[in-house]
Structure formats: structure tokens, C-alpha cells
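# A look at the structure
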Amino acid sequence: LIVAGLMSAAGGFGVLLKQILIWRVSIKWYALALLGPLVLVLLATLLYIVAGGVNPAQWLTVPAANNIGGLIGPLIAGSVGEELGWRGFAQRLLQKRYNLLWASIIVGLLWATWHSWPLFAPGGTAHVDALVVLETYVRLIATAIIYGWMYVRTGGSILLVMLVHAGHNIAVDLISPTLLTTVTMPLLITCLYAVAAIALVVARPGHFFHQTKTR
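What counts, and where the lines are drawn
- Residues numbered from 1 in each chain as written.
- Predicted model: local features only at pLDDT ≥ 70, side-chain atom pairs only at ≥ 80, totals over all residues.
- Heavy atoms only, no water.
- Helix = DSSP H or I, 4+ residues; strand = E, 2+ residues; numbered from the N terminus.
- Rg over C-alpha atoms; globule rule 2.2 N^0.38 Å.
- Buried < 20%, exposed > 50% of the residue type's maximum accessible area, 1.4 Å probe, protein only.
- Contact = heavy atoms within 4.5 Å.
- Areas by Shrake-Rupley, 256 points an atom, 1.4 Å probe, with all protein chains shown as cover.
- Salt bridge = Lys/Arg side-chain N within 4 Å of Asp/Glu carboxyl O.
- pLDDT = per-residue confidence, 0-100.
- Phe/Tyr/Trp six-rings, centres within 6.5 Å; stacked < 30°, edge-to-face > 60°.
- Polar contact = N/O pair within 3.5 Å; in protein donor to acceptor, adjacent residues only side chain to side chain.
- Expected span 1.5 Å × (residues − 1).
- Patch = residues over 30% accessible without salt bridge, like charges linked within 9 Å, V, L, I, M, F, W, Y side chains within 5 Å.
- Axes fitted to C-alpha atoms, helices over the stretch in contact; angles between N-to-C directions.
- Parallel < 35°, antiparallel > 145°, perpendicular 65-115°, else oblique.
- Left-handed = near helix turned anticlockwise from the far one by under 90°.
- Nonpolar A, V, L, I, M, F, W, Y, C, P; charged D, E, K, R; others polar.

## Here's the deal with the overall build of the chain
Each helix and strand counted, the chain has 10 helices and 0 strands in total. Relative to the 2.2 N^0.38 estimate, which gives 17 Å for 215 residues, the radius of gyration of the chain is 18 Å and therefore close to what a compact globule would have. Taken over 215 residues, the chain has a buried fraction of 43%. Considering only residue pairs separated by 6 or more positions, the chain has 79% of its internal contacts joining residues 24 or more positions apart. With an accessible surface of roughly 11,400 Å², the chain has 72% of that area assigned to carbon and sulfur atoms.

## Quick word on the pattern of salt bridges
With the rule as written, the count across this model stands at 2 salt bridges. Between arginine 87 and glutamate 83 there is a salt bridge, and its shortest N-O distance comes to 2.7 Å. Taken together, the residues arginine 87 and glutamate 83, both in helix H4 (residues 68–94) and 4 residues apart, mark about one turn of the helix. Classification of glutamate 83 as buried rests on a relative accessible area of 0%. With a closest N to O distance of 2.8 Å, arginine 139 and glutamate 135 form a salt bridge.

## A few points about the confidence of the model for the chain
The predicted model of the chain averages 88 in pLDDT, with 91% of residues at 70 or higher. Summarising per-element confidence for the chain, the mean pLDDT is lowest in helix H8 (residues 177–180) (79) and highest in helix H5 (residues 100–114) (97).

## Structural notes on the packing of aromatic side chains
The tally for this structure, following the rule as stated, stands at 3 aromatic pairs. Centre to centre, the rings of tryptophan 111 and tyrosine 147 are 5.9 Å apart; their planes meet at 40 degrees, and the pair counts as tilted. Highlighted residues: tryptophan 111 in helix H5 and tyrosine 147 in helix H6 (residues 130–153), separated in sequence by 36 residues. Residues tryptophan 111 and tyrosine 147 agree in their burial class; the two are buried.

## Quick word on the side chain of threonine 136
By the element assignment, threonine 136 lies in helix H6. Of the polar contacts made by the side chain of threonine 136, one reaches the backbone oxygen of valine 132; its length is 2.9 Å. In this structure threonine 136 touches Ala112, His115 and Ser116, once residues within four positions along its chain are discounted.

## So, H5
Structural remark: α-helix, 3.6 residues per turn; residues separated by three or four positions point the same way. For H5, which comprises 15 residues, the first-to-last C-alpha distance of 21 Å matches the rise-based estimate of 21 Å (1.5 Å per residue) to within 8%. Leu100, Leu101, Ala103, Ser104, Ile105, Val107, Gly108, Trp111 and Ala112 are the residues of H5 that are buried. Where H5 begins, the capping side chain belongs to asparagine 99, and its oxygen is found 3.2 Å from the backbone nitrogen of leucine 101.

## Looking at the environment of valine 161
Among the secondary structure elements, valine 161 is positioned in helix H7 (residues 158–173). Here the alpha-carbon distance between valine 161 and proline 186, two residues 25 residues apart in the chain, equals 22 Å. What valine 161 contacts, discounting residues up to four positions off in sequence, is Glu83, Arg87, Tyr147, Met150 and Tyr151.

## Examining the environment of proline 177
You can see proline 177 is positioned in helix H8. When its relative accessible area of 52% is taken as the criterion, proline 177 is described as exposed. In sequence terms proline 177 and tryptophan 59 are 118 residues apart; their C-alpha atoms lie 8.7 Å from each other.

## Some details on a nonpolar patch on the surface
On the surface, a cluster of nonpolar side chains totalling about 370 Å² of accessible area is made up of Leu43, Leu46, Leu47 and Val50. Checked against the element boundaries, leucine 47 lands in helix H3 (residues 27–50).

## Here's the deal with the packing of H3 against helix H9 (residues 184–203)
Two elements in contact, H3 and H9, have axes separated by 9 Å at closest approach and are oriented at 130 degrees. Taken together, the axis directions place H3 and H9 in an arrangement best described as oblique. Crossing hand, H3 versus H9: right-handed. Seen from H3, the contacting residues are Pro37, Leu40, Val41, Leu43, Ala44, Thr45, Leu47 and Tyr48; seen from H9, they are Thr184, Met185, Leu188, Ile189, Leu192 and Tyr193. Among the residues making up the contact of H3 with H9, the classes are represented as 12 nonpolar, 2 polar and no charged.

Written as C-alpha cells, this is what we have:
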């Protein structure tokens, strides 16, 4: 927010926040934002169950009442805090120079690097291996392509990408932590995001390869 206020190319603090007020979009975007991540995570869980990775009765977790507060913070930080920066600020400025695909890939690289902070914490390399780092970069680049597309197609609505980001966080919170600490489950989610991103680019090349400026 401070950088946006000081950087003339960003249009100022007000331009960034006004994107949250872009809410008059088709109901299909709200459905995609709220249900899309849930469908993807449930599909990954189903594949994991079919492969014999977990007892079907043990995949779901419902947060206890005393844990709700601990979920709200990360939810707000992820969906509200991050999207102001990644889509509302970075994506919009990058698309003045690059097409949607390249702008989204650059944002994805920055986003994944941001999420790789455990590597730089004391003893981080002992807990984060190369596969986890690779999974993080592939998943967040793929996710950035999908979110970037939604952001542009809704006329620069940060609200919609906040909702889809929140939708993903909520969907993941419904999965048993035991599953998420395995190697297979995060990789399944990553693969499905990658497939969805590739399918989107193949199906809508005109949206991605032509420079499209946002508001």
C-alpha cells in the first residue's frame, strides 16, 4: 500500500483500492471463485483415496471452534493482503509491458519465492527439500495464470481474486492435515492446478497472448 501510494506508475493508493469495488460481474465468476478451488481439491482427494492413500472416512476435517480464530488470520492475510499486491499492484503494472501469460508467470515466480521463506529460516533446508520447492513454484505459477485470467476477464476485480484465493484456503482447510503432510496429496493438487492452467491457455490463447491492459 505504501509503495502504491508513492509510485506514480501505479496510479496511487486510491487506484489500487478502487479495484476491490469492482463487483458487478456475472454470477458465474462468483461461482467459479467460490466453488472452483473446492472442486479441484476434492478431485485431488478422490484420486488420493482411489489410489489407496487414505481411508475414505478420514479425509475430512472440521476446524474446532477454538481454532477458528487461527484460521481467520491466514485467510485474511492470504486472500486480502496478498491479492492487493500480486494482482492489484504487480499484475496490473506488468501488463503495461507484457501480455497476460508472461505477466502471470512473473507474478507466479515472485509469489512462489515469497512462499519459500522457510528456506531462509534457521534450519530451513533440513525441513524443505527440492521437491517441495519445485511443487511450490509449479503450483503458484499455475495458480497465478488462473487468477490473472480471472482478474483481467472481470475488468480488474481484486474482489474476485480475493474470493478465489479464499476459496482455495478454505478448501485446503477442510482436508485432514495428515493428508497435506504427505508427499502425494500436495503433488496431486499441484498437478491439477497445472493441468487447469495449461487447459485454460490452450482454450483461450487470445486472452493470454495479446497485451491486455487492466484498469
